[in-house]
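For reference, the chains in residue letters:
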Amino acid sequence: MLRALLAKDLRRARRNPIPWLLNLALPMMITAVIGLVFGSGSGNDNSLGRIKFAVVDEDKSPLADFLRGAANQGKAAQYLEPVFLERDEAERQLKDDKLSAMLVIPPRFTSNYLTGQKVQLELIKNPAEQIHPAVLEELLGVVVTGLNAISRNFNAEFPAWRKALEDQSDYHEIARLIDQTGDKLHAARKYLFPPLVTYTNSVEDAKPVATASPTSPSSTPVAESNPAPKFNLFAFLLVGMAGMFLLLLANQGMTDLHREVWKRTFERYHTMHDSLLPFVMGKALFTAVIVSIGAAIILVGGQWIFHFRWPRPLELGVLTLGYVCFATGLMAVTVAIMPDERRANALNNILSMILSMAGGCMFPPDELPAAMREHLSPLLPTYWFATAARNLWWSESGWIVPAAKLTALGALCLALAAFLFKRRFEKGAR
Amino acid sequence: MLKVSALSKAFGATRAVDGVSFHVSEGEIYGLLGPNGAGKTTTISMVCGLLRPDAGEILVQGKSFSANPAEAKRLMGVTPQDLALYEELTGRENLEFWGRIAGLKTGEARQRASELLEALSLTDRADEAVKNYSGGMKRRINLGCALLHRPKLLLLDEPTVGIDPQARAKILEFITGLRATGTAILYTTHYLEEAETLCQRIGIIDHGKVLAEGTLSQLQERLGEGLVFTVDADFAGSSPAQWDGFAARFRVLQQSENQLVVAAVGQPDPADCLKTLLALPIRLQNVSLKRPSLNDVFLQLTGRHLRE
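Predicted model, so just to flag it, every value in this text is computed and none were measured.

Reading the values: rules and limits
Here the residue numbering is sequential within each chain, running from 1 through the sequence in written order. Each chain gets a letter, beginning with A, and each ligand a number, beginning with 1, in the order they are written. A pLDDT threshold of at least 70 governs which residues receive local features in this predicted model, and a stricter bar of 80 or more applies before side-chain atom pairs are shown or counted, although totals over entire chains, interfaces and linings include all residues. The secondary structure listing takes helices from DSSP runs of H or I that are at least 4 residues long and strands from runs of E that are at least 2 residues long, numbered from the N terminus. Placing C-beta atoms from the backbone, we regard two residues as in contact once those atoms come within 7 Å. Helix span, expected: 1.5 Å multiplied by one less than the number of residues in the helix. Using C-beta atoms placed from the backbone, we call a residue buried if 20 or more other C-beta atoms fall within 10 Å of its own, exposed if 12 or fewer do, and partly exposed for counts in between. Lines fitted to C-alpha atoms define the axes here, with helix axes fitted over just the stretch in contact, and angles between the N-to-C directions of these axes take values from 0 to 180 degrees. Orientation is classified from the angle alone, with under 35 degrees giving roughly parallel, over 145 giving roughly antiparallel, 65 to 115 giving roughly perpendicular, and any other angle giving oblique. When the near helix sits turned anticlockwise from the far one by under a right angle, the crossing is termed left-handed; a clockwise turn instead gives a right-handed crossing. Classification convention: Asp, Glu, Lys, Arg as charged; Ala, Val, Leu, Ile, Met, Phe, Trp, Tyr, Cys, Pro as nonpolar; all other residues, Gly among them, as polar. A strand pair is defined by DSSP finding two or more bridges across the two strands. pLDDT is defined as a per-residue confidence score from the predictor, taking values between 0 and 100.

**Describing the overall build of chain A**
Item 1. For chain A, the helix and strand inventory stands at 18 helices and 6 strands.
Item 2. Put simply, 74% of the contacts in chain A that link residues at least 6 apart link residues at least 24 apart.

**Quick notes on helix α15 (residues 341–358) of chain A**
Residue and element names in this part refer to chain A.
Item 1. Over its 18 residues, α15 extends 25 Å from the first C-alpha to the last, a length consistent with the 26 Å expected when each residue adds 1.5 Å.
Item 2. Three or more residues of α15 are buried, namely A344, N348, S352, L355, S356 and A358.
Item 3. Those residues of α15 that are buried lie in contact with α10 (233–254), α11 (256–262), α14 (313–337), α16 (370–376) and α17 (381–391).

**Here we look at the packing of α10(A) against helix α13 (residues 277–306) of chain A**
All names here are of chain A.
Item 1. With their axes 9 Å apart at the nearest point, α10 and α13 run at an angle of 155° to one another. The orientation of α10 relative to α13 falls into the category roughly antiparallel. When the axes of α10 and α13 are compared, the crossing they make is right-handed. On α13, the residues touching F234, L238, A242, F245, L246, L249, A250, G253 and M254 of α10 are K283, F286, T287, I290, V291, G294, A295, I298, L299, G302 and F306.
Item 2. Split by residue class, the contact of α10 with α13 holds 15 nonpolar, 4 polar and 1 charged.

**A closer look at the environment of N112(A)**
Residues and elements named next belong to chain A.
Item 1. Mapped onto the elements, N112 comes out in helix α6 (residues 109–114).
Item 2. Each C-alpha atom of the pair N112 and R162 lies 9.4 Å from the other, and the pair is 50 residues apart in sequence.
Item 3. Ignoring sequence-local partners within four residues, the contact set of N112 consists of Q117 and V119.

**Digging into the pairing of strand β1 (residues 51–57) of chain A**
All names here are of chain A.
Item 1. With 5 of 7 residues buried, β1 lies mostly within the body of the structure.
Item 2. Bridging between β1 and strand β3 (residues 101–105) involves 5 bridges; their strand directions are parallel. Its bridge partner being in β3, D57 is matched across the sheet by I105.

**Structural notes on the sheet that holds strand β6 (residues 76–79) of chain B**
Paired through backbone hydrogen bonds, the strands of a sheet run either parallel or antiparallel to each other.
All names here are of chain B.
Item 1. Read across the sheet, 6 strands follow the order β6-β7-β8-β3-β9-β10 without closing on themselves; strand pairing throughout is mixed. Single-partner strands in this sheet number two, and they are β6 and β10 (209–214). Ignoring strand direction, the axes of neighbouring strands in this sheet form an average angle of 15°.
Item 2. In this sheet, strand β9 (residues 201–206) lies alongside strand β3 (residues 29–33) in parallel orientation, the contact comprising 4 bridges. The residue bridging L33 from the neighbouring strand is I204, located in β9.

**A word on the confidence of the model for chain B**
Item 1. For chain B, mean pLDDT is 86; residues scoring 70 or higher make up 97% of the total.
Item 2. Overall fold confidence (pTM) sits at 0.67, and the ipTM for the predicted complex is 0.82.

**A closer look at unusual backbone geometry**
All names here are of chain B.
Item 1. We note that S121 has phi near 55°; this positive angle belongs to a residue other than glycine.
Item 2. Mapped onto the elements of the fold, S121 is located in the loop between α4 (106–119) and α5 (135–144).
Item 3. Despite not being glycine, E158 has its phi angle at roughly 45°, a positive value.
Item 4. In this fold, E158 is placed in the loop between β7 (153–157) and α6 (165–180).
Item 5. Judged by C-beta crowding, with 22 C-beta atoms within 10 Å, E158 ranks as buried.

This is how it looks when you write it as structure tokens:
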């Protein structure tokens, strides 16, 4: 009978696909819009792209020239695109959304720095953008930390440097200063290299080496030789959008039960069978199938549309199935509680939005308020899914527990829904 | 096939069904006739298990419905008053689906659906979505969905409501054919003509109570020897019961300011009755004689017309 119920519902969905397609198209569209806005300069790799910002050099000193040169070389040139402008022009371009931010080096910056006075760098961010200005702010923080460290360690050399820069000393004098500073750096080398605290980004292979011999004492993890994939904004967004829209899709599937009630088909079924649970379970099965299809379309289709590849598709698939189970169970419970489609839809939409927002599907979890991020979000199934799915981009581990938790919670919700429906039917509710 | 005894159901303070009893035999169409809100649908809902009765008993093939509802439901087919169809699916798909739900295997359901489409004259439109059907066609598919598993007891709740006379005639013809196969049919309607032409026995129901029951002729006999007179005149302020000898010869079925409907008592000569009526102490406008209809019976029982 479940097969007949499922076939009927799938056929109905195929004949009237627009409501379903809307819930599938929206996450793609939102991902595309956000991704293109924040990552349009990324080229084919769809990474963050080069960050275009203005440097307003009001100091006109050799140190500013040094910063200009540094930003145009090596790795920095790959990610940063500084343009050197006057303040008015920089402000105009910032207003026209042509820049992510402008960095102002104030007059007498070098001189004040070298005399140990307090100096300030000014970063004006483009309020229309979020990620690029934030990255620049972080980078500037690193630069400031570096300048502070230099100031504390080379304070004795600063007067000579200041004199050389201000008096336009000859190259012999500058060479002597470089040589002198180099000696000091050489002396400090053993304290700096290797550093006391290091950070290494490595990918471990979760699979142990196969041990055919029983005498083998232990298995040894094999280091992954492939480098970790680059961050992909579209993949990051798509996971969140999937988290939200799969809930809405599940709502649409389960509230079809209410439509069956007012269309009297549920009643006709009741005239043929005493137990109504098979009908309800058939609807839950249909919902699970349609949400799984939706997940496949969003996640696999997203791969093709946005030109990236999920690094661990199998793990992502299993995790998503766990989430499908949860979404179906949750919506079954709300449909069992709510007496009609209108109220069930209202509740489910609000619930989906709250879960998605607090679970980090709509915004990156780091952007959420601290109290929510630390105390509420980790308790939410949407957070389990979104975080584990995003982590799968970098690491193979950390998805099994969330997948198991989502599946268990989904099963629990379905059992609760079955109980609630049974109680309603026993009371004679139609 | 179906025996209902003292069935009652209340919704709050409203007694929707109040001690209803009747039975339906194999090969019989039993009509439950009454106006909207009389308790017909509530009665059918209890008989098919959609509602739990507050009191009373339902026996299907001699066995209590409440003792084994699943078995009783297997013997029944129910056509609800509202169209219980999937509009996105075709007529054939609807029939096949409900056949599968009724317990038929896929092949059986397919074959039975084809038979019913043929019998309901819908073969040529069978593969069109139901949403494109006319009202009459939808009604026929709605009826067909209850017949896939060849039920021995068919409950039809106003199956012809809201359709044109031609479509109604087709459905009534089909139902008459079902009766010939031995199916017991409980048929609710508020159309007098349907009850008169289709049903072997009729129960008149109003305010949740069966007021009278029997064949058409038995019900007509309740009005005497079949003489009903309609008298048009100004009856404002008049009291026919006080007219000399009137109460002994006529029973008042209905009285309004402009009209009096009466049934003759005993076996009088129609001409004598006319003479008596023409001699009434009132200025008459018109007097007409007719055979009593179910509406007159209803009028006698309730004091109002069936369609009021």
